[in-house]
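# Residue-level structural notes
In case you want the letters, here they are:
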Amino acid sequence: SNNPPVISLGQEGDFTLQSYMKTEIPINITDPDGHAITVSYTAGSAADALVQSDSGAYSIGMDCLKTEPGTYTAHISVTDEYGASSSKDFTYTILENHAPEVVNECAGFVLENTGKAVSADLTGYISDPDGEIPVFEAVSSDKQKIYAAVDGQTLTCTSLAYGICD
């Protein structure tokens, strides 16, 4: 007798993904009789695609930035060379992205001498409800007076001349 191919996902259950996520979900596809198989895939959205590695292993590649938030279903079908087949649906939800939030107001810095630098850890001021690590940019209203730079989550301001700026 000819047994149908077997499809199993690397993890079972609900797949809930943040809108910024990129990941791969392993799929184990086997034929218990060792027959040659043909795999077909119908994407649920622009965010998912079937990926086959050089070793022949399959996975579902997810790039959540490629589609809108929502719930989607992809479909995998596998048929062996003698016509036995099986299929599996893969349902996933991409969550809505939320803007970072100010959790503490930043008091101004006072730099009393030119050449003096002050640094601040910005993680205490901004939080992202989606768990993303915010990317910061430093902008000075007068680049002749203050040099501002961000390295990761740390803001450093260096006084270049006397005066007031934002």
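In this report, the structure presented in the accompanying data block is examined.

Taken in spatial order, the three strands make up an open sheet running 10-13-12, and their pairing is antiparallel. With one partner strand each, in any of the chains shown, strand 10 (117-121) and strand 12 (146-151) form the two edges of the open sheet. Neighbour to neighbour, the strand axes of the sheet diverge by 15° on average, direction disregarded. With five bridges joining them, strand 10 and strand 13 (residues 154-159) adopt antiparallel strand pairing. What sits directly across from aspartate 121, in strand 13, is threonine 154.

In this section: the packing of aromatic side chains. Taken as a whole, this structure holds three aromatic pairs when the rule is applied. When the centroid spacing of 4.7 Å and the interplanar angle of 65° are considered together, the rings of phenylalanine 15 and phenylalanine 90 count as edge-to-face. Here the residue phenylalanine 15 occupies a position in strand 2 (residues 15-17), and phenylalanine 90 occupies one in strand 8 (residues 85-94), the gap between them amounting to 75 residues. You'll find phenylalanine 15 and phenylalanine 90 in the same group, each marked buried.

Turning to the pattern of salt bridges, a few remarks are in order. Per the stated rule, a full pass over the model turns up two salt bridges. Residues aspartate 63 and lysine 22 are paired through a salt bridge, measuring 3.9 Å at the closest nitrogen-oxygen approach. Pair noted here: aspartate 63 is in strand 6 (residues 58-63) and lysine 22 is in strand 3 (residues 22-30), with a separation of 41 residues, a long-range link. Looking at aspartate 63, the relative accessible area reads 15%, which means it is buried.

Cut-off values and rules
- Residues numbered from 1 in each chain as written.
- Predicted model: local features only at pLDDT ≥ 70, side-chain atom pairs only at ≥ 80, totals over all residues.
- Heavy atoms only, no water.
- Pairing = 2+ DSSP bridges.
- Helix = DSSP H or I, 4+ residues; strand = E, 2+ residues; numbered from the N terminus.
- Axes fitted to C-alpha atoms, helices over the stretch in contact; angles between N-to-C directions.
- Phe/Tyr/Trp six-rings, centres within 6.5 Å; stacked < 30°, edge-to-face > 60°.
- Buried < 20%, exposed > 50% of the residue type's maximum accessible area, 1.4 Å probe, protein only.
- Salt bridge = Lys/Arg side-chain N within 4 Å of Asp/Glu carboxyl O.

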